[in-house]
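Residue-level structural notes
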Amino acid sequence: MTGFASNLIERLASAGNVAVLTGAGASAESGIPTFRDPGGLWSRFNPAELASFEAFRRDPIRVQSWYSARIRAVLESEPNPCHVALAELEALVPSVSVITQNVDGLHKRAGSSNVIELHGNLLDVFCATCGRAAETLDVAPDALEPARCECGGLIRPRVVWFGETLPADAYESAVSATARADVFISIGTSGEVYPAAGLPRLAAEAGAYVLEINVQRTPISGLADEVVLGAAGIVVPQLLSEVRRRSNVGVS
Ligand code: BJW
Ligand code: ZN
């Protein structure tokens, strides 16, 4: 017996389309720090000094070395049971779209086949001047020169900084997956960063059953049909096994 409403399990087992929105909390149990939790990235670093184009132009070595360290951490990390359970949900539901704000690529590594990366991917690095792809971004904090392209331009990760627009195709896919979802699941996001934070409301208004999974309540909780408080790496596998059990009962 778990804490999920039987209505939710029923809905998931018979859903045609499920959309999942993930945030940093979904990768926390892979050892990737979140942003806004105590001990998270923004408790130690000022976002204005690191996650904006102005910051990059002002102090490229600082921004590049910060991203280099995060790239190394991602390369050393592994998908956790939340990522794996979401990939396995594809065996039970005809269409599962994983809309992620995370830039670590862990959903794809876990095997999810329809991943929409709203804020880009850390491992994709390119020249901010000519757009050419670069092989790596490996800059030490005490480097004397920033990493540059052959054209002299600065190398940056293909992530979305504050004030930059989201990749249009990704945002459009996210909106359409949200609008057609029978069940929408928000996992491990603070719901503070727009436009991603607007998707749960869009789902609710379009008639989806909205489930939130987080270790604490967020601005999304008030519009959710159901809030399950707990760690994503524990709750999402439990949810999967409930749906699997319900689907098997339905088949026999
Ligand atoms: C667990 C857990 C466990 C922990 N299990 N749970 C409308 C209103 C107000 C402002 C705006 C608006 N529209 C646009 C804006 C401006 C801005 C914005 O939203 N600002 C707000 C912060 C006020 N948005 C933008 O600028 C966006 N662009 C845009 O809108 O373009 C159009 C435009 C252009 C020009 C002018 C105006 C508009 C771009 C946003 C880009 C966000 N970028 C970052 C950095 C990416 C690169 C990098 O990684 O360095 O994206 S910021 C950071 O926040 C990162 C994340 O993807 C994003 C969301 O964070 P997330 O994932 O929710 O993490 P946390 O840490 O906040 O929360 C973790 C949660 O997990 C917590 O709730 C925990 O409880 C939970 N948790 N462990 C389950 N084990
Ligand atoms: Zn270049």
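The following paragraphs examine the structure supplied in this document.

What counts, and where the lines are drawn
- Residues numbered from 1 in each chain as written.
- Chains lettered and ligands numbered in written order.
- Predicted model: local features only at pLDDT ≥ 70, side-chain atom pairs only at ≥ 80, totals over all residues.
- Heavy atoms only, no water.
- Helix = DSSP H or I, 4+ residues; strand = E, 2+ residues; numbered from the N terminus.
- Rg over C-alpha atoms; globule rule 2.2 N^0.38 Å.
- Buried < 20%, exposed > 50% of the residue type's maximum accessible area, 1.4 Å probe, protein only.
- Contact = heavy atoms within 4.5 Å.
- Areas by Shrake-Rupley, 256 points an atom, 1.4 Å probe, with all protein chains shown as cover.
- Lys, Arg positive; Asp, Glu negative; His and termini not counted.
- Charge placed at Lys NZ, Arg CZ, Asp CG, Glu CD.
- Donors = N, O, S within 2.8 Å, 3.2 Å for Na, K, Ca; no water.
- Tetrahedral: all angles 85-135°; square planar, octahedral: opposite > 155°, others 65-115°.
- Near = heavy atom within 4 Å.
- Polar contact = N/O pair within 3.5 Å; in protein donor to acceptor, adjacent residues only side chain to side chain.
- Nonpolar A, V, L, I, M, F, W, Y, C, P; charged D, E, K, R; others polar.
- Pairing = 2+ DSSP bridges.

Another point: the overall build of the chain. A count of helices and strands for the chain gives ten helices and eight strands. Computed over C-alpha atoms, the radius of gyration of the chain comes to 19 Å, within 12% of the 18 Å expected from 2.2 N^0.38 for 252 residues, which places it in the range of a compact globule. Dimensions of the chain, computed from the C-alpha atoms along their principal axes, are close to 65 × 35 × 30 Å. Here the chain holds 252 residues, and 49% of them are scored as buried. By sequence separation, contacts in the chain at least 24 residues apart represent 69% of the contacts at least 6 residues apart. In the form shown here, the chain has an accessible surface area of approximately 11700 Å², with 52% of it arising from carbon and sulfur atoms. In the chain, 20 positive and 28 negative side-chain charges are present, and the distance between their average locations comes to 2 Å.

What follows concerns the coordination of the zinc ion (ligand 2). All of the protein donors around the zinc ion (ligand 2) are Cys127 (SG), Cys130 (SG), Cys149 (SG) and Cys151 (SG); their distances to the metal are 2.3 to 2.4 Å. What the four donor atoms of the zinc ion (ligand 2) show is an angle range of 103 to 120° at the metal, which sorts the shape as tetrahedral. For the zinc ion (ligand 2), all donor residues lie on one chain, and their spacing in sequence is C-x2-C-x18-C-x1-C. Remark: Cys151 occurs in the loop between strand E4 (120-127) and strand E5 (155-159) and Cys130 occurs in the loop between E4 and E5; sequence separation between them is 21 residues. With relative accessibility at 38%, the residue Cys130 sits in the partly exposed group.

Surveying the vicinity of ligand 1 reveals 37 residues, the closest of which are Tyr67, Arg70, Thr189, Ser190 and Asn214. Between an oxygen atom of ligand 1 and a main-chain N or O atom of Gly188, the distance comes to 3.1 Å. Notes on ligand 1: free accessible area 1500 Å², of which the protein chains cover 76%. When the residues that make up the shell around ligand 1 are grouped by side-chain class, the tally is 17 nonpolar, 14 polar and six charged.

Turning next to the pairing of strand E1 (residues 17-22). Of all six residues in E1, five are buried, a share of seventy percent or more. Sheet topology places E1 next to strand E2 (residues 95-100); six bridges connect them, and they run parallel. Looking at E2, one finds that Val20 is bridged to Val98. Bridge count between E1 and strand E6 (residues 183-187): five bridges; the pairing is parallel. Its bridge partner lying in E6, Val20 is registered against Ile185.

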